[in-house]
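Coordinate inspection notes
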Amino acid sequence: MIRELIQRIQNLQSEGNENFDAGLFPSYRMNSVWGYRRPDNNIFASLSVCFVLDELASGVAEDEQVAVDQIKEKIIRNLPKYQTKSSRCTYNFYQKGMNDHFPYGLVMNRFRHFKLPDDIDDTSLAFLTQNINPAPLRHLLILHSHQDGVYDTWFGKNMPKEKDACALCNLMYLVFSSGEELNENDERTLAYLNKIIVSGEYFNKPFWVARHYGTVPLIVYHYVRLISKFDIPQLSEAKTIITKKIPEILKNEEVYLNQIILQTSGFKLGLNLSKPSKSTEGAFYSFIGAPFAPLPFKWFRGLASKKWAVLGWKCEAHELALQLENAVCKRIIAEEI
């Protein structure tokens, strides 16, 4: 099964066409309410696949790792296209150029409101994929942080401030991977990440806690990737709560891929959980966009999370990678018994 999943992922990697550059994984943005679907030539989907594959090194066979390395190499070749400024080490969701935001869009690619600045999510994943130390990012992260010291999602000058828990988990994963001493902003970011778990915000307001992911399972999954990899005393309360909460969340979850990532999260925390037998296909997005969320008016913010106002990104390769991760966790558990 593991070899088959890796092969299926490898087969999905683009050889280069009018929609997707060679080495990228096809990704589509959509809204089912409007019947809207467009190819989306972003780097995030491919980097997300690469991150998952990187984390599986200890659980795959030698020939499987060869295939993983080939996939990764093709992705990395594309990274310079997503650096909007050659003098800066940050990365963008889309390729550099004024008209490259929302490619193949009939409306959104015409307005600067929808042009995305560089962000901590793509940048963190790009650094991790290339095994680069984040030291050059430090001054930019601090420069674009919130008044309370928590890191912002965006490196943009005029972008409204925002905190996304999943993106912050990816950023702190990069920080801890570097082995560098934590600074004051790191500490404040960790305190914030702990607070939104302890307060229950992640469960009651998932959209506003992580508005580029928007669901409790994805928030839990990103936290667990961080806290299962590194010993982080600042997140000890969050870890305890999440560990206790996962079985309940999984029991009530109906979407198949959400069940997969919740079960995987349980495995990583030492919980041997079975997936519920009842599940539904679909209703899973690797990433979401909410154009109304950054607007300051309460009326717009009230609309931001409505189904008709949210774009979802689907990437088959990423969904397969999440299933592969789950299968590798099961293999590791079986070998330990």
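The preceding data block contains the structure.
Let me begin by describing the structure that accompanies this report. (Residues numbered from 1 in each chain as written. Predicted model: local features only at pLDDT ≥ 70, side-chain atom pairs only at ≥ 80, totals over all residues. Heavy atoms only, no water.)

1. Describing the nonpolar core
With 93 residues, the main nonpolar core has Ile9, Val220, Tyr223, Leu226 and Leu324 as its most contacted residues. Tallying contributions element by element places helix α6 (residues 165–178) first for this core, with 11 residues. (Core = buried A, V, L, I, M, F, W, Y, C linked by side-chain atoms within 4.5 Å. Buried < 20%, exposed > 50% of the residue type's maximum accessible area, 1.4 Å probe, protein only. Helix = DSSP H or I, 4+ residues; strand = E, 2+ residues; numbered from the N terminus.)

2. Observations regarding empty space enclosed by the protein
Following the criterion strictly, the structure yields 4 cavities of 30 Å³ or more and no others. Approximately 90 Å³ is the volume found for the second largest cavity. Every residue lining the second largest cavity is counted, 13 residues in all, and those nearest its centre are Phe44, Ser48, His222, Arg225 and His318. When residues of the lining of the second largest cavity are traced back to their parent elements, those giving at least two are α2 (44–54), α10 (216–227) and α14 (316–336). The biggest single contributor to the lining of the second largest cavity is α10, with 4 residues. (1 Å grid on protein atoms, 1.4 Å probe; cavity = no way out; pocket = protein on both sides within 12 Å on 5 of 7 lines; lining within 4 Å. Points joined across faces, edges and corners; volume = space filled by probe spheres on them.)

3. What to know about helix α12 (residues 256–268)
With 13 residues, α12 extends 19 Å from end C-alpha to end C-alpha; this agrees with the ideal 18 Å at 1.5 Å per step. Considered for burial, the residues of α12 that qualify are Leu257, Asn258, Gln259, Ile260, Ile261, Leu262, Gln263, Thr264, Ser265, Gly266 and Phe267. Once α12 ends, the next one or two residues include Gly270, with phi positive near 85°. (Expected span 1.5 Å × (residues − 1).)

4. Structural notes on the sheet that holds strand β1 (residues 28–31)
Taking strand neighbours across the sheet as the criterion, the 4 strands line up as β2-β1-β4-β3 in an open arrangement whose pairing is antiparallel. Strand pairing shows two members of the sheet lacking a second neighbour, β2 (36–39) and β3 (287–289), which therefore form its edges. Strand after strand, the sheet turns through a mean of 25° between neighbouring axes, direction not considered. (Pairing = 2+ DSSP bridges. Axes fitted to C-alpha atoms, helices over the stretch in contact; angles between N-to-C directions.)

5. Examining helix α11 (residues 236–252)
Counted at 1.5 Å a residue, the expected span for α11 with its 17 residues is 24 Å, and the 25 Å between its end C-alpha atoms agrees. Residues Ala238, Ile242, Ile246, Ile249 and Leu250 constitute the buried set of α11. Taken together, the buried residues of α11 touch α7 (184–198), α8 (201–204), α10 and α12. (Contact = heavy atoms within 4.5 Å.)

6. Some details on the pattern of salt bridges
The full count for this structure, using the stated rule, is 18 salt bridges. Residues Arg138 and Glu180 are paired through a salt bridge, measuring 3.4 Å at the closest nitrogen-oxygen approach. Of the two residues, Arg138 sits in helix α5 (residues 138–143) while Glu180 sits in the loop between α6 and α7, which places them 42 residues apart along the sequence. Exposure remark for Arg138: the relative accessible area of 13% places this residue in the buried category. For Glu325, the salt bridge identified is with Lys268, shortest N-O distance 2.6 Å. Of this pair, Glu325 sits in helix α14 while Lys268 sits in helix α12, placing them 57 residues apart in sequence. (Salt bridge = Lys/Arg side-chain N within 4 Å of Asp/Glu carboxyl O.)

7. Focus: the side chain of His144
Here His144 is to be found in the loop between α5 and α6. Given the relative accessible area of 12%, His144 is considered buried. Aside from chain neighbours lying at most four places away, what touches His144 is Asp152, Trp154, Phe155, Gly156 and Lys161.

8. Some remarks on the packing of α10 against α12
Packed helices, taken two at a time, are described by the angle their axes make and the gap between the axes. The interhelical angle for the contact between α10 and α12, taken along N-to-C directions, is 30°, at an axis separation of 9 Å. Relative to α12, the element α10 lies roughly parallel. The two elements α10 and α12 meet at a crossing, and its hand is left-handed. On α12, the residues touching Pro217, Leu218, Val220, Tyr221, Val224 and Arg225 of α10 are Asn258, Ile261, Leu262, Ser265 and Lys268. (Parallel < 35°, antiparallel > 145°, perpendicular 65-115°, else oblique. Left-handed = near helix turned anticlockwise from the far one by under 90°.)

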